[in-house]
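Tertiary structure, described
What follows is the residue order along each chain.
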Amino acid sequence: MLAAGVALTLGLAACGNSGSGTPQSDGGSSSAASAAGTVKIGFMGDLTGANAGIVIPPWNGANLVVDEYNKTNPAVKIELVKYDSQGDASKAVALAQQAIKSDKVAGLIGPAFSGESAQVAPVLEEAGVPSITASATNAKLAENGWKFWHRVLPNDGVQGPGIADFIAGAAGAKNVFVIDDKSEYGKPLADAVRTQLGTKGVKLTNDSLDPAESDFSSVVNKVAAAKPDAIFFGGYYAAGGNLLKQLRDKGVKDAKFFSGDGSLDKGLIDGAGAQNAEGALVGCPCYIATPDVTDPKVKSFADSYKAKFNADPAIYASEGYDAASVFVEAVKAGNTTTDKINEFIKTVDLAGVSKQVKFGDNGEVVAKDIYIYQVKGGAITLLGKATEAKLG
């Protein structure tokens, strides 16, 4: 996938001089592109940390589409550059500075998580480098007036109410215990679930946990005492699996366990144990191409993904593919500089694998579907859209 040729010089003021850090302008372009060469697009996220299972699939999806594009032997190839933040915001900022100043990327897929996105986006904004995240869902990210930031999935302001409607509707829960992990991802998502459940007349009990700890007995004891119909956890699968195991070990057997996209990984099952995880439900603003998919475009993607990575597409693989596809289409259209690529992103209307990819003025994707997944027989299965899915 590493392309031969000379890397295009982006000429950002933030790259290599003591200027203000704003992009240079050359007739509306941050640099002049050579007729043949390579454009660098970065990918940033937790690729080796505790929650890497959420980030490796979109990394694979991005690799797939870039590889497909480069195999056509285009005049300008794309080099996908990996930045492993391990989900650490401070590491992510340093990597973003490296991507801008040393590697001179023309765009970035990511960051993957909301916390690191909040820290990295201002750095990219100052340098004028466009980004598309395939998995960061914090709703407030779109409220900063950033012009170079985009995401290819609905935010938690959509995900939370969608899951809550399913909990109170199809799942029929009247007494719900909501737990968050206090993170920039987990707490706002849990709060969105709380707010929506509150409009449904559902009895609510709330608590938080520290995902860095391993003993959640304080929260577990409160859940056991509340005897809820359903439990919602706002956080990532590493803590989610551990929490679910401790709940079931405590005797909380009948309450349905729900979580959001941060828990949509086999790690949830591994952490809880297959028996404890059976029946767990996870909402996600993502569309996973399951083996039984019939749509020709999605099936072609799923088959190519499995052939390349010897695994079925998992969470955000489709979104990673679509985010990278936007950059590929920009380059194919002759846009090889940061601001020209950003202008292309503003107008893109692409039939992607996960959805129709089109962005609003605030960088949010226009499509708003939320999907419900359930653990069955030790595997994650798709029930359908939250507005249509039914429990078996």
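Here, every reference points to the structure presented above.
Residues numbered from 1 in each chain as written. Predicted model: local features only at pLDDT ≥ 70, side-chain atom pairs only at ≥ 80, totals over all residues. Heavy atoms only, no water.

**Description of the pattern of salt bridges**
Per the stated rule, a full pass over the model turns up 16 salt bridges. Its salt-bridge partner being Lys308, residue Asp67 comes within 3.1 Å of it at the nearest N-O pair. Here the residue Asp67 occupies a position in helix α1 (residues 56–70), and Lys308 occupies one in helix α10 (residues 296–309), the gap between them amounting to 241 residues. According to the relative accessible area criterion, Lys308 is partly exposed, its value standing at 39%. As a salt-bridge pair, Asp207 and Lys222 come within 3.2 Å of each other at their nearest N and O atoms. Taken together, the residues Asp207 in strand β7 (residues 203–208) and Lys222 in helix α6 (residues 217–226) connect sequence positions 15 residues apart. According to the relative accessible area criterion, Asp207 is buried, its value standing at 16%. Residue Lys222 is classed as partly exposed on the basis of its relative accessible area, which comes to 41%. Through salt bridges with shared partners, one network takes in Asp180, Lys187, Asp191 and Arg194. (Salt bridge = Lys/Arg side-chain N within 4 Å of Asp/Glu carboxyl O. Helix = DSSP H or I, 4+ residues; strand = E, 2+ residues; numbered from the N terminus. Buried < 20%, exposed > 50% of the residue type's maximum accessible area, 1.4 Å probe, protein only.)

**Describing the environment of Lys82**
Turning to its location among the elements, Lys82 is positioned in strand β2 (residues 76–84). What makes Lys82 partly exposed here is its relative accessible area of 49%. As a C-alpha pair, Lys82 and Asp191 span 109 residues in sequence and 33 Å in three-dimensional space. When sequence neighbours within four positions are dropped, the list of residues in contact with Lys82 reads Phe43, Leu47 and Trp59. (Contact = heavy atoms within 4.5 Å.)

**What to know about the layout of surface pockets**
By volume, the largest pocket amounts to about 510 Å³. Along the wall of the largest pocket there are 25 residues; nearest its centre are Ile288, Asp312, Pro313, Ala314 and Ile380. When contributions to the lining of the largest pocket are tallied by element, the ones reaching two or more residues are α1, α8 (266–272) and β14 (379–385). A total of four residues in the lining of the largest pocket trace back to one element, the largest contributor, which is β14. For the lining of the largest pocket, a count of residues per class yields 16 nonpolar, five polar and four charged. Roughly 390 Å³ of internal volume is contained in the second largest pocket. Forming the walls of the second largest pocket are 20 residues, and the residues nearest its centre are Asn51, Gly87, Phe113, Ser183 and Tyr236. (1 Å grid on protein atoms, 1.4 Å probe; cavity = no way out; pocket = protein on both sides within 12 Å on 5 of 7 lines; lining within 4 Å. Points joined across faces, edges and corners; volume = space filled by probe spheres on them. Nonpolar A, V, L, I, M, F, W, Y, C, P; charged D, E, K, R; others polar.)

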